[in-house]
Amino acid sequence: MLDWQALRTLVALAWVAAGFLYDLGVSWDWAEVQLLAKLGGWEPHKDRKPGKITLQRGLSRLLDMLVTQAVLSQYETTHQGLPPQITAFLRNWGPPQSL
C-alpha cells in the first residue's frame, strides 16, 4: 500500500489529468499539466500542446514510480534490506541534473 502522502499526490494529479483530458476547466497553464506532459515524453513545439495520450502516459509513469517506491520499501522492511545488486544499482543511480 502506498503511504498516505503518495496516495494524496497521485489522486490530486489524477484529477488534474482527468480534468484536462475531459475538458473540466483545467488549462495548459497549470504546472501540474505541464509536468504530466513532460513525464509523458512531450517536448515543447511551437503552437503544439500535448495530447490526451501523452498526459495519460505521464500519469502512468508517475503511478509506476510511486508503486515501485512502495514495493521496494515493503521489501526492505520485510527482508531487512534489499538484495546487494539492487542496492548497488540504486546507490549509483541518480536523476539527471537537468530535466
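The structure displayed is predicted, hence computed values, not measured ones.

About the thresholds
Residues numbered from 1 in each chain as written. Predicted model: local features only at pLDDT ≥ 70, side-chain atom pairs only at ≥ 80, totals over all residues. Heavy atoms only, no water. Helix = DSSP H or I, 4+ residues; strand = E, 2+ residues; numbered from the N terminus. Buried < 20%, exposed > 50% of the residue type's maximum accessible area, 1.4 Å probe, protein only. Contact = heavy atoms within 4.5 Å. Areas by Shrake-Rupley, 256 points an atom, 1.4 Å probe, with all protein chains shown as cover. Axes fitted to C-alpha atoms, helices over the stretch in contact; angles between N-to-C directions. Parallel < 35°, antiparallel > 145°, perpendicular 65-115°, else oblique. Nonpolar A, V, L, I, M, F, W, Y, C, P; charged D, E, K, R; others polar. Expected span 1.5 Å × (residues − 1). Patch = residues over 30% accessible without salt bridge, like charges linked within 9 Å, V, L, I, M, F, W, Y side chains within 5 Å. Salt bridge = Lys/Arg side-chain N within 4 Å of Asp/Glu carboxyl O. Phe/Tyr/Trp six-rings, centres within 6.5 Å; stacked < 30°, edge-to-face > 60°.

A few points about the overall build of the protein
A count of helical and extended segments in the protein gives four helices and zero strands. In sequence order, the protein lays out its α and β elements as α-α-α-α. Burial statistics for the protein: of 99 residues in total, 26% are counted as buried. For the protein, contacts bridging at least 24 residues in sequence account for 26% of all contacts bridging at least 6. For the protein, the computed accessible surface area is about 7700 Å², with 59% contributed by carbon and sulfur atoms.

Here's the deal with the packing of helix 2 (residues 31-39) against helix 3 (residues 52-78)
Across the interface, helix 2 lies against helix 3 with an axial gap of 7 Å and an inter-helix angle of 85 degrees. In terms of orientation, helix 2 lies roughly perpendicular with respect to helix 3. In this structure, helix 2 uses Val 33, Leu 36, Ala 37 and Leu 39 to contact helix 3, whose residues at the interface are Thr 54, Leu 55, Gly 58, Leu 59, Arg 61 and Leu 62. When its residues are assigned to classes, the contact of helix 2 with helix 3 shows seven nonpolar, two polar and one charged.

Re helix 3
Given a rise of 1.5 Å per residue, 27 residues ought to cover 39 Å, and the 39 Å separating the end C-alpha atoms of helix 3 matches this to within 8%. One or two positions beyond helix 3, positive phi appears at Gln 80, with a value near 55 degrees.

Some remarks on a nonpolar patch on the surface
On the surface, Ile 86, Phe 89, Leu 90 and Trp 93 cluster together into a nonpolar patch covering about 420 Å² of accessible area. Mapped onto the secondary structure, Phe 89 falls in helix 4 (residues 84-92).

A few points about the packing of aromatic side chains
As enumerated under the stated definition, the model contains one aromatic pair in all. For the ring pair Trp 28 and Trp 42, a centre distance of 5.0 Å and an interplane angle of 75 degrees mean the geometry is edge-to-face. Here Trp 42 lies in the loop between helix 2 and helix 3 and Trp 28 lies in the loop between helix 1 (4-21) and helix 2, a separation of 14 residues in the sequence.

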